[in-house]
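Structural description and commentary
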Amino acid sequence: MLNNTNYDAIVVGSGISGGWAAKELTEKGLNVLILERGRPVEHVKDYVTEHKGIWDFKYRNMPDRELYDKEYFVQKNNHAFSELTRHFFNNDLKNPYDYNEDKPFYWLRGDVLGGRSLTWGRQVYRFSELDFKANKQDNHGVDWPIRYDDIKDWYSYVEKFIGVSGQAENLPQLPDSEFLPPMQFTKIEQDMKNSIAEHFDDRMMTIGRCAILTKPHNGRAPCHYCGPCHRGCMTGSYFSSQSSTLPAAKKTGKLTIRSHSVVEKLDYDPLTKKVTGVQVIDANSKEKILFTSKLVFLCASTVGSTQILLHSKSENFPNGLANSSGVLGHYLMDHTIGMSAMGVIPGSEEDYHYGNRPNGTYIPRFKNLNKQQTSFLRGYGYQGWGGRMDWRGTHAAKSGFGKDFKEDLQQPGPWGVGLIGFGECLPRFENYMKLSTSKVDSYGIPQVEFNFEWSKNELDMREDMAKEGEAILKACGAIDIELSTHIHPGGGAIHEMGTARMGNDPKTSVLNNFNQCHDVANVYVTDGSCMTSASCVNPSLTYMALTARAVDHAVKQLATNFS
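Owing to the predicted nature of the structure, the values given are computational and were not obtained by experimental measurement.

Thresholds, definitions, all that
Residues numbered from 1 in each chain as written. Predicted model: local features only at pLDDT ≥ 70, side-chain atom pairs only at ≥ 80, totals over all residues. Heavy atoms only, no water. Helix = DSSP H or I, 4+ residues; strand = E, 2+ residues; numbered from the N terminus. Expected span 1.5 Å × (residues − 1). Buried < 20%, exposed > 50% of the residue type's maximum accessible area, 1.4 Å probe, protein only. Pairing = 2+ DSSP bridges. Contact = heavy atoms within 4.5 Å. Axes fitted to C-alpha atoms, helices over the stretch in contact; angles between N-to-C directions. Phe/Tyr/Trp six-rings, centres within 6.5 Å; stacked < 30°, edge-to-face > 60°. Lys NZ or Arg CZ within 6 Å of the ring centre and 35° of its normal. UniProt positions renumbered as here; feature names shortened; annotations may be inferred. Polar contact = N/O pair within 3.5 Å; in protein donor to acceptor, adjacent residues only side chain to side chain. Arc of directions from axis to C-beta.

Some points on helix α11 (residues 540-559)
If you check α11, its first and last C-alpha atoms are 29 Å apart, about what 20 residues at 1.5 Å a residue would give, namely 28 Å. Taken across its 20 residues, α11 has 17 buried, putting it largely inside the fold. Following α11 by one or two positions, Asn-561 adopts a phi angle in the positive range, close to 60 degrees.

Rendered as structure tokens:
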């Protein structure tokens, strides 16, 4: 094994959390190495499909079913995956994992520098005090070691850098952010907002809060509504590692990025009780390399970071590094996500909407806020939209030909509206990931196995989402309403969380209140694996705030040699 240069800090992973860790560590003066298992992607230059027409592709962006079934049988379930974005995603044949076919779990992941920050949904919402107290109040999972007041300033710090468009609403269950101007409602969405306010006293609708610019911000241009966000954004209008955090880290002159670097395990020194090195396999040459540092930040994703910890076994930690509690890998969570209700609102056919607005509407949680109202615990929100339908919604099942049929296809359809429910998942010991004892990947690293199942609480919540979604759409004048209680396999929301949770007690949690391993002082974990509960809002903003907060703590601890 080659021994390589020593760094002040090593960051494993370059996605949303990894980019933030690198930015903060370098700006505080540390020499930092990023290890990324995927291939390099350069901002602008490597967005090779960004503005290509679908006619430029072999099957006009229709799936290559034989290829997908053979090599992308998991990733094809990602809403952002297509022939236009396949080059950003993991090849499932080359990088497999294992799960029970009767209880599947989707591990949807990128395989490039920047990770899923290139293809994420960009919706950003703060957790509330209600969320941080939830576990303690209903006794599911362990209590968070922090409260909203501990993180609110870090939310602001992050938001001022990334740029968040949205509307302040002064709701306790959905704290406001540091907003850029909000995107505008369509005509029918404004009508819906008014109707909801008229018919309900417990719910409201606002524009989605998203990490997309509505005015120039930190050297990046505002969004011009061109539409193909998942292919990359040369104007840097949406937040990604490539457009924002990595350039800031590079600007310090203290960042080294090494792609094609698969982290195998961490080396632990029982004398100092610290990690001393990171063992890496070069993805191309299969050469093994040891990098050393004083500090390690694991930001390789909920599953990736915990896989590394579980594989870093030693005499002191026979069940995985920093796993004296025995909970590492457990309490895996995701959000339930799916169309709950959709319909058509007649009229207003003289109006249309402008461009491809990369954002929707949001109805914040309104159940179980101040008292328990339902048979299920916690709550849900709706992300939605209201826009003119096109031929895919109006003519897909119709037959015809000729000039009149073609002209009819080109006419705007009626106003379609939809509500997609996002529900909170309870943290449960029975939902877990572990390492296989019989299967390894192409690098000889044990494959990940999943055991995940939705509980009755999530299933009952999905039923309520459809019922209340119907009530909202009816109040807004919708017709032809279709309802769904379908629930996807775990991982389908791409909001996997837990497996190395934060907590006050080292006997029941992996990380302390600053994302620092209870057992190993110089290792911090700040991606989704740190989450103690899931809330019902998109979690990426919380990962960013926790990362910035953890770096501030780590650098202060480093100055005292973690004494």
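Looking at the sheet that holds strand β12 (residues 361-363)
The six strands lie next to each other as β6-β12-β13-β14-β11-β17, forming an open sheet whose pairing is antiparallel. What marks the edges here is a single partner per strand, and that holds for β6 (206-207) and β17 (479-483). Here nine bridges tie strand β13 (residues 380-388) to strand β14 (residues 415-423), and the two strands are oriented antiparallel to one another. By the bridge assignment, Gly-384 is partnered in β14 with Leu-419. Sitting on the sheet, helix α10 (residues 456-475) is in contact with β11 (336-345), β12, β13, β14 and β17, with an inclination near 20 degrees to β11.

Details of the packing of aromatic side chains
Enumeration over the complete set of coordinates arrives at 28 aromatic pairs. With a centroid separation of 5.0 Å and an interplanar angle of 80 degrees, the aromatic rings of Phe-132 and Trp-144 are classed as edge-to-face. Of this pair, Phe-132 sits in helix α3 (residues 129-138) while Trp-144 sits in the loop between α3 and α4 (148-162), placing them 12 residues apart in sequence. A residue is classified by how much of its surface remains accessible, and Phe-132, at 0% relative accessible area, is buried. For Trp-144, a relative accessible area of 1% translates into the label buried. Relative to Trp-454, the ring of Phe-452 has its centre 5.0 Å away and its plane inclined at 85 degrees; by these criteria the two rings are edge-to-face. When sorted by exposure, Phe-452 lands in the same class as Trp-454, which is buried. An aromatic cluster is built from Tyr-97, Tyr-99, Phe-105, Trp-107, Phe-450, Phe-452 and Trp-454, whose rings are joined through pairwise contacts. For the cation-ring pair, Lys-23 lies above Phe-161, with the distance from its terminal atom to the ring centre recorded as 4.6 Å.

Quick look at the UniProt feature "domain: Glucose-methanol-choline oxidoreductase C-terminal" (unreviewed entry) in the protein
UniProt marks residues 427-546 with the feature "domain: Glucose-methanol-choline oxidoreductase C-terminal" (unreviewed entry), using the numbering shown here. The span residues 427-546 carries 22% helix and 19% strand; its end-to-end C-alpha distance comes to 19 Å.

Digging into the environment of Thr-302
Following the sequence through the fold, Thr-302 ends up in helix α7 (residues 302-311). Taking the C-alpha atoms as reference points, Thr-302 and Asp-527, 225 residues apart in sequence, are found 6.0 Å from one another. Ignoring any residue separated from it by four or fewer positions in sequence, one finds Thr-302 in contact with Leu-332, Met-433, Glu-496, Met-497, Gly-498, Thr-499, Asp-527, Gly-528 and Ser-529. Side-chain polar atoms of Thr-302 contact the backbone nitrogen of Ser-529, separated by 3.1 Å.

Focus: α3
Each α-helix winds once per 3.6 residues, and so residues spaced three or four apart point in a common direction. Every buried residue belonging to α3 is among Asp-131, Phe-132, Ala-134 and Asn-135, and all of these are buried. Along the long axis of α3, the arc covered by the buried residues comes to 135 degrees, so they all point the same way. Opposite the buried face of α3, at more than 90 degrees from it, the exposed residues are Lys-136 and Gln-137. On its buried face, α3 sits against α4.

Looking at the side chain of Asp-552
Structurally, Asp-552 is set in helix α11. Polar side-chain contacts of Asp-552 include one of 3.1 Å to the side chain of Lys-556.

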